[in-house]
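Understanding the architecture of this molecule
The primary structure of each chain is shown beneath.
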Amino acid sequence: MSFDLEFLFRVLIFPGFTFILFFTMFCDWVERKIEARMQNRMGPTYTGPFGVFQPFADFVKLLTKEDIVPFNVKNFAFKFTPIFSFSIFVFSFVFLPIDGANIIFNSNFEGDLIIVLTLVSIANFFIFLSGWSSMNPYSAIGATRVLTQFLGYDIPLFILALAPAFLAKSLSFSVIAANQNVPFVFMIPWAFVLFIITLQAELEKDPFDVPHAETEIVGGYETEYTGRRLAFLKLAKDVQIVLGAAIVVELFLGGPYGPTFYGPSAFWYTLWFTLKLLAVVALTEYLKCVFARLRIDQVLVVNWKVLLPLAFISLAAAVGVSLWFNLLR
């Protein structure tokens, strides 16, 4: 019985669903504050201390608004793809060690790195379907851009994720994070830089935010959505940003591990994981603010002619580093 209660607590409360949900909203608040400060604005200030509850208030506001379904949409896809993409992004956290262990004990296995990256691709496909099912020209263009972008940038993202896997000799997040006595960002910094650039494209952040370029295609794939479905569509994108930052933490920054002092080690591991993740979120938001949006043709050129060859070179260099360290041992 005690095992069941612990299982339910970890899945539903901490470090599971509730923790991920509210931490996502906190990261959203951090992003909005950074963006506002860089644009000489105040950002959220009214709801809660320093406006920290503003993302939660916005979510509740959308939930209470009228839910309108246009008459000519693809009904099933339009209604359910937002919740599907949100659920898949949240489920992906099951395979990441947050407090020194996975949300479900012993759920890590050799190959969970590939599973998580595949789940991210599937969730992105549901976001594409949400725009495609809207039967709106702006939504269709936004959805097409989502599909074009994530299909192209998924390839270098997979290749770059293999660089730390080679150093750790494992395809498991837990093993990769635990093997970083020296964080891999210091051993293969070029892979870290390329991974962050590719992640910007995966997250549709500037300079790669063409799928929802409001000056060209209104709201992109979100144009026809209102109420609770729009709430979950936006929340899915916010969870994706946190998931992307968490993957960077696990692959390059030593995961949740760091110095522990008095008290339970799970507390310190959670603290390190949270601080590292916030640093990555701040970095991606900074890049979003300082770069202008590329055109869709430029996005494709950067992917196929620049990032993809560099990803292969990065992987080859990481393999060389791994062999060199093996010779030294």
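Everything below is about the structure shown above.
Residues numbered from 1 in each chain as written. Predicted model: local features only at pLDDT ≥ 70, side-chain atom pairs only at ≥ 80, totals over all residues. Heavy atoms only, no water.

By size, the foremost hydrophobic cluster in this structure holds 92 residues, and its most contacted members are Phe93, Phe195, Leu251, Phe252 and Leu277. For this core, the leading source of residues is helix H11 (residues 227-252), giving 16 residues. (Core = buried A, V, L, I, M, F, W, Y, C linked by side-chain atoms within 4.5 Å. Buried < 20%, exposed > 50% of the residue type's maximum accessible area, 1.4 Å probe, protein only. Helix = DSSP H or I, 4+ residues; strand = E, 2+ residues; numbered from the N terminus.)

For helix H3 (residues 54-64), every residue scored as buried is listed here: Gln54, Pro55, Asp58, Phe59 and Leu62. Angularly, the buried residues of H3 cover 140° about the axis, an arc narrow enough to put them on a single face. Close packing links the buried residues of H3 with helix H2 (17-38) and H11. (Arc of directions from axis to C-beta. Contact = heavy atoms within 4.5 Å.)

As a further point, take the packing of aromatic side chains. What describes a pair of aromatic rings is the distance from one ring centre to the other and the angle between the planes of the rings. Counted under the stated rule, the structure contains 23 aromatic pairs. Arranged with centres 4.2 Å apart and planes meeting at 10°, the rings of phenylalanine 78 and tyrosine 225 form a pair that is stacked. Of the two residues, phenylalanine 78 sits in helix H4 (residues 75-92) while tyrosine 225 sits in the loop between helix H10 (214-217) and H11, which places them 147 residues apart along the sequence. On the numbers, 5.4 Å between centres and 65° between planes, the contact of phenylalanine 86 with phenylalanine 232 is edge-to-face. In this pair, phenylalanine 86 is assigned in helix H4 and phenylalanine 232 in helix H11, connecting sequence segments 146 residues apart. For phenylalanine 232, a relative accessible area of 23% puts it in the partly exposed group. (Phe/Tyr/Trp six-rings, centres within 6.5 Å; stacked < 30°, edge-to-face > 60°.)

For the bond running from phenylalanine 14 to proline 15, omega is 0°, close enough to zero to count as cis. Structurally, proline 15 can be placed in the loop between helix H1 (2-12) and H2. In this structure, asparagine 40 is a non-glycine residue whose phi angle is positive, near 60°. Of note, asparagine 40 is situated in the loop between H2 and H3. A relative accessible area of 74% means that asparagine 40 is categorised as exposed.

Bringing the side chain of glutamate 202 into the picture now. By secondary structure assignment, the location of glutamate 202 is in helix H9 (residues 189-202). We note that glutamate 202 is buried and unpaired, the nearest opposite charge coming from lysine 237 at a distance of 7.9 Å. A polar contact is formed between the side chain of glutamate 202 and the backbone nitrogen of aspartate 154, at a distance of 3.4 Å. Leave out the neighbours within four places in its chain, and glutamate 202 touches Val120, Asn124, Phe150, Tyr153, Asp154, Leu157, Lys237 and Gln240. (Lys, Arg positive; Asp, Glu negative; His and termini not counted. Salt bridge = Lys/Arg side-chain N within 4 Å of Asp/Glu carboxyl O. Polar contact = N/O pair within 3.5 Å; in protein donor to acceptor, adjacent residues only side chain to side chain.)

Before going further, it helps to examine the pattern of salt bridges. Evaluation of the coordinates by the stated rule reveals 13 salt bridges. A salt bridge links aspartate 209 to arginine 293; the nearest nitrogen and oxygen atoms lie 2.8 Å apart. Here the residue aspartate 209 occupies a position in the loop between H9 and H10, and arginine 293 occupies one in the loop between helix H12 (265-290) and helix H13 (296-328), the gap between them amounting to 84 residues. Residue classification places aspartate 209 among the buried residues on the basis of a relative accessible area of 7%. For arginine 293, a relative accessible area of 28% corresponds to the partly exposed category.

With the rule as written, the count across this model stands at 3 cavities of 30 Å³ or more. Considering only enclosed or pocket space, the largest cavity measures out at about 70 Å³ in volume. Lining the largest cavity, in full, are Leu117, Val120, Leu157, Phe195, Leu199, Glu202, Leu203, Gln240, Leu243, Gly244 and Ile247. Elements represented by at least two residues in the lining of the largest cavity include exactly helix H5 (112-132), H9 and H11. Take the lining of the largest cavity: its biggest share by element is 4 residues, from H11. (1 Å grid on protein atoms, 1.4 Å probe; cavity = no way out; pocket = protein on both sides within 12 Å on 5 of 7 lines; lining within 4 Å. Points joined across faces, edges and corners; volume = space filled by probe spheres on them.)

Note that every value here comes from positions in space, so none of it alone points to a role or purpose.
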